[in-house]
Structures are given as structure tokens and as C-alpha cells.
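Structure assessment
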Amino acid sequence: MTSFTSSLWDAPWKPAESPLLTQFARDVSPSTLAATTPYPRPQLRRSNDTWTSLNGLWEFDWQPPHLQDPPFGRTLNHSILVPFPVESPLSGLRQNSKHDYMWYRKVV
């Protein structure tokens, strides 16, 4: 079960503005993505069903000023829809990254 305490998660997710969104893109949401994501390789399914999809909303932030200070114990400033890259409208951000490092956080 995922739990978030930030007001960041109270706002509804939506794709970032884009000049071209397909019907598939219009139908994507965190709930539909989680409900329809199958195991990636059904022929290699684990016998004890321990696989968990990590798709869904994650906390996200760009590279902090000091990489030696990871953002443990605090809420990150943005949300991103995984598995989409930060440059994609479906991530909810659609931003070209000039950062070498990004932080993702999700409580599973």
C-alpha cells in the first residue's frame, strides 16, 4: 500500500500540455495504469508471485545542490507518473532535463 502525506498528492494528476496527444495518452491516469499493467514477461512469472509493479505516481525532484545530501525523510517537490520519462507529457512534467541526477521516491 502506498501512502503519501503531502498535499502534492491531493491534487489530481494530469498530463503536461503537449501539441500532440493520442487517444491512448488521453486515457492514461495513475489508476488505469496500475490496473492494466501486466507482469512484463508472463512466460517467466515467478512461482511465489512476489513481483510488484512500480508504475504509478512517485515523488520527484531535480538534482539537489549537494549530491552528498540525499533527500531522506522529506517530501520531494514534484510528482511524476512512472514509467514515463520526465520529457514525456504523460509523466506530468514534460521538461527537458539538464540535470545529471534526479530523485524519485515512493513508499511501497
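This one's a predicted model, so the numbers in the text were calculated from it and none came from an experiment. (Residues numbered from 1 in each chain as written. Predicted model: local features only at pLDDT ≥ 70, side-chain atom pairs only at ≥ 80, totals over all residues. Heavy atoms only, no water.)

In this section: the overall build of the protein. Along the protein, the regular secondary structure elements total two helices and three strands. If you list the helices and strands of the protein from N to C, you get α-α-β-β-β. Taken across its 108 residues, the protein has 30% of its residues classed as buried. (Helix = DSSP H or I, 4+ residues; strand = E, 2+ residues; numbered from the N terminus. Buried < 20%, exposed > 50% of the residue type's maximum accessible area, 1.4 Å probe, protein only.)

Turning our attention to the environment of serine 91. Residue position: serine 91 is located in the loop between strand S2 (78-82) and strand S3 (102-105). Other than its neighbours up to four places away in sequence, serine 91 contacts Trp13, Ser79, Ile80, Leu81, Phe84, Pro85 and Val86. Here valine 86 takes part through its backbone oxygen, which lies 3.3 Å from a polar atom of the side chain of serine 91. (Contact = heavy atoms within 4.5 Å. Polar contact = N/O pair within 3.5 Å; in protein donor to acceptor, adjacent residues only side chain to side chain.)

Our focus in this paragraph is the side chain of serine 91. A residue is classified by how much of its surface remains accessible, and serine 91, at 0% relative accessible area, is buried. Polar contacts involving the side chain of serine 91 include one to the main-chain carbonyl oxygen of serine 88, which spans 2.7 Å.

For the structure shown, the criterion picks out three aromatic pairs. Look at tryptophan 58 and tyrosine 104: their rings are 6.3 Å apart centre to centre, the planes differ by 80°, and that puts the pair in the edge-to-face class. Linking tryptophan 58 in strand S1 (residues 56-62) with tyrosine 104 in strand S3, this pair joins segments that are 46 residues apart in sequence. In this structure tyrosine 104 comes out as partly exposed when scored by relative accessible area, which is 36%. (Phe/Tyr/Trp six-rings, centres within 6.5 Å; stacked < 30°, edge-to-face > 60°.)

Here the focus is the nonpolar core. Trp13, Ala25, Val28, Leu33, Leu57, Leu81, Phe84 and Leu90 form the largest nonpolar core, which has eight residues in total. Ignoring any residue separated from it by four or fewer positions in sequence, one finds leucine 90 in contact with Trp13, Pro15, Phe24, Ala25, Val28, Leu81 and Phe84. Formed by seven residues, the second largest nonpolar core is a distinct cluster that contains Ile80, Val82, Val86 and Leu93. (Core = buried A, V, L, I, M, F, W, Y, C linked by side-chain atoms within 4.5 Å.)

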